[in-house]
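Topology and contacts: notes
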Amino acid sequence: MIEISDLRAGYGSINILWDLSLAIPEGKLTCIIGPNGAGKTTLLRAVMGLVPVTQGRITLNGRALSGTKTWEMAQEGIVMIPEGRLIFRDMTVEENLIMGAFPKKQRKRTRANLERVYGLFPRLLERRTQVAGSLSGGESQMLAMGRGLMAEPKVILLDEPSLGLAPVIVQEIFTILGQLKAEGNTIVLVEQNTHMAVKVADQVHLMQTGRVILSQEADKVDLDQLHDLYFAR
Ligand SMILES: Nc1ncnc2c1ncn2[C@@H]1O[C@H](COP(=O)(O)OP(=O)(O)O)[C@@H](O)[C@H]1O
Ligand SMILES: [Mg+2]
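Per chain, residues are indexed from 1 in the order of the written sequence. Here the convention is simple: chains get letters from A, ligands get numbers from 1, in the order in which they are written. Local features in this predicted model are restricted to residues whose pLDDT is 70 or higher, and side-chain atom pairs enter the listing and the counts only when it is 80 or higher, whereas totals over whole chains, interfaces and linings include all residues. Excluding hydrogens and water, the side-chain values take into account all heavy atoms of the structure.

Some points on the sheet that holds strand 4 (residues 53-60)
Paired strands, as defined in this entry, are two strands with at least two bridges between them according to DSSP. Starting at the N terminus, helices and strands are each numbered in turn, a helix being any DSSP run of H or I of at least four residues and a strand any DSSP run of E of at least two. Read from one edge to the other, the open sheet built from four strands follows the order 2-1-4-5, with strand pairing classed as antiparallel. The sheet is open, and its two edges are formed by strand 2 (14-24) and strand 5 (63-64), each paired on a single side. With two bridges joining them, strand 4 and strand 5 adopt antiparallel strand pairing. Across the sheet, the residue bridging to L60 is R63, located in strand 5. We call two residues contacting when some pair of their heavy atoms lies within 4.5 Å. To obtain an axis, a line is fitted to C-alpha atoms, over the contacting stretch when the element is a helix, and the angle between two such axes runs from 0 to 180 degrees between their N-to-C directions. Sheet strands touched by helix 1 (residues 40-47): strand 1 (2-11), strand 2 and strand 4. Its angle to strand 1, the strand with the most contacts, is close to 110°.

Spelled out as structure tokens, the structure:
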């Protein structure tokens, strides 16, 4: 499991996360919600070593992650599927997926992992020889998720996968998330779609101005109360 304790992190002299503590249990889906600018992306980036931590600790199964470089995270079993997807637009769908199999251990299983990803996302199989730049928003998200899965992660950090997508595609993405959870993956999901997120999550944490202000078991969440806090009504 990942344990975040008393974390401060930010950009240069601007601090964003304030003494944030959060436990991410193994095999569960942990959902982080909160308004724009709350620091959700910054938190995921801090776990990945993409923003400097100025106080506190992040551990993976009791071992500090602070010495691990971002490019070594996949080797540690952690992948981040970033907001905005960041796929290689001039490369084909399959080339993008193969890029995800970068960690040494996984490279020799590229073929098997491609099949797994195509099984989860049949649309990607249909489009495997097309350039990624020609994909729809939903397909791009699927490609970003598929590319992350090529590294055989144990922990998947997903930043707003449903952003800007049509409801039927959002439904599809959440179905896949449910499947990944059922397979025993540890998932951290940052989401604005609270209705969908709460259905698939085990734990829900609400962030505001760089802090976690509410943590609940997903089945105990009262969406009205959550939205009151969310919008500071
Ligand atoms: N690269 C950056 N440099 C400086 N400030 C940033 C940078 N990225 C984000 N921020 C600021 O950090 C705060 C939190 O942003 P972010 O973590 O992206 O929030 P969220 O993902 O919850 O919308 C915002 O005030 C944002 O303006
Ligand atoms: Mg964000």
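That covers the picture; the talk isn't over yet.
Side note on unusual backbone geometry
Backbone geometry at E152 places phi at a positive 50°, although glycine is not the residue there. Tracing the sequence through the fold places E152 in the loop between helix 6 (137-149) and strand 7 (155-159). The residue E160 is not glycine, and still its phi comes out positive at about 50°. The residue E160 is located in the loop between strand 7 and helix 7 (167-182) in this model.

Topic: the site of ligand 1
All residues in the neighbourhood of ligand 1 are listed as Y11, I16, P35, N36, G37, A38, G39, K40, T41, T42 and R45. Counted as a polar contact is a pair of N or O atoms within 3.5 Å, where, for protein atoms, one must be capable of donating a hydrogen and the other of accepting one, and residues adjacent in sequence contribute only when both atoms are in side chains. In this structure, G37 approaches ligand 1 through a main-chain N or O atom, which is 2.7 Å from an oxygen atom. Residue exposure ignores everything except the shown protein chains as possible cover, and the areas themselves are Shrake-Rupley values with a 1.4 Å probe. When ligand 1 sits alone it has 560 Å² of accessible area, and the protein chains cover 60% of it. The element that contributes the greatest number of residues to the shell around ligand 1 is helix 1, accounting for four residues. Under the grouping applied here, Gly and all other residues not named as nonpolar or charged are polar, the nonpolar ones being Ala, Val, Leu, Ile, Met, Phe, Trp, Tyr, Cys and Pro and the charged ones Asp, Glu, Lys and Arg. Residues belonging to the shell around ligand 1 are distributed by class as follows: four nonpolar, five polar and two charged. Any residue with a heavy atom positioned within 4 Å of a molecule or strand is treated as near that molecule or strand.

Some remarks on the sheet that holds strand 10 (residues 211-217)
A sheet is described by the order of its strands in space; here six strands give the open sequence 6-7-8-3-9-10, paired in mixed fashion. Pairing within the sheet leaves two strands with one partner each, and these edge strands are strand 6 (78-81) and strand 10. Going across the sheet, the axis of each strand differs from the next one's by a mean of 15°, ignoring polarity. Note: strand 6 against strand 7, four bridges, orientation parallel.

A few points about helix 9 (residues 223-230)
Relative accessibility under 20% of the residue-type maximum defines a buried residue, over 50% an exposed one, and the middle range a partly exposed one, all with a 1.4 Å probe and only protein chains included. Those residues of helix 9 that fall on the buried side of the exposure criterion are L226, H227 and Y230. When helix 9 is viewed along its axis, its buried side chains cluster within an angular range of 95° and face the same direction. Structurally, helix 9 contributes buried residues whose contacts are with strand 3 (29-33), helix 8 (194-200), strand 9 (203-208) and strand 10. The residue sitting at the N-terminus of helix 9 and contributing the capping side-chain oxygen is D222; that oxygen lies 3.0 Å from the backbone nitrogen of D224. Arc definition: directions from the helix axis to the C-beta atoms.

Looking at the environment of E126
Its location among the elements puts E126 in helix 5 (residues 122-126). It is 24 Å that separates the C-alpha atoms of E126 and P82, two residues lying 44 residues apart in sequence.

Some words on the domain arrangement of the chain
Domain annotation of the chain identifies domain 1 (1-77 + 154-233) and domain 2 (84-152). Per the annotation, domain bounds derive from an automatic or database assignment of domains. Between the C-alpha centres of domain 1 and domain 2 there is a distance of 23 Å. Using a 1.4 Å probe, buried area is obtained as the accessible area two parts lose upon being combined, added over both of them. Contact between domain 1 and domain 2 buries roughly 1300 Å² in total, counting both sides, with carbon and sulfur atoms accounting for 62%. Per-residue buried area on domain 1 facing domain 2 is highest for Q75, I173 and I176; these three make up 30% of the total on that side. Each salt bridge in this description consists of a side-chain nitrogen of Lys or Arg and a carboxyl oxygen of Asp or Glu lying within 4 Å of one another. On inspection of domain 1 and its partner domain 2, the count reaches two salt bridges. A salt bridge links R123 to E172; the nearest nitrogen and oxygen atoms lie 2.9 Å apart. Counting only elements with at least two residues in the side of domain 1 that touches domain 2, the list comes to strand 7 and helix 7. Among the elements that make up the side of domain 1 that touches domain 2, the one with the highest residue count is helix 7 (seven residues). Taken together, the residues of the side of domain 1 that touches domain 2 break down into eleven nonpolar, four polar and four charged.

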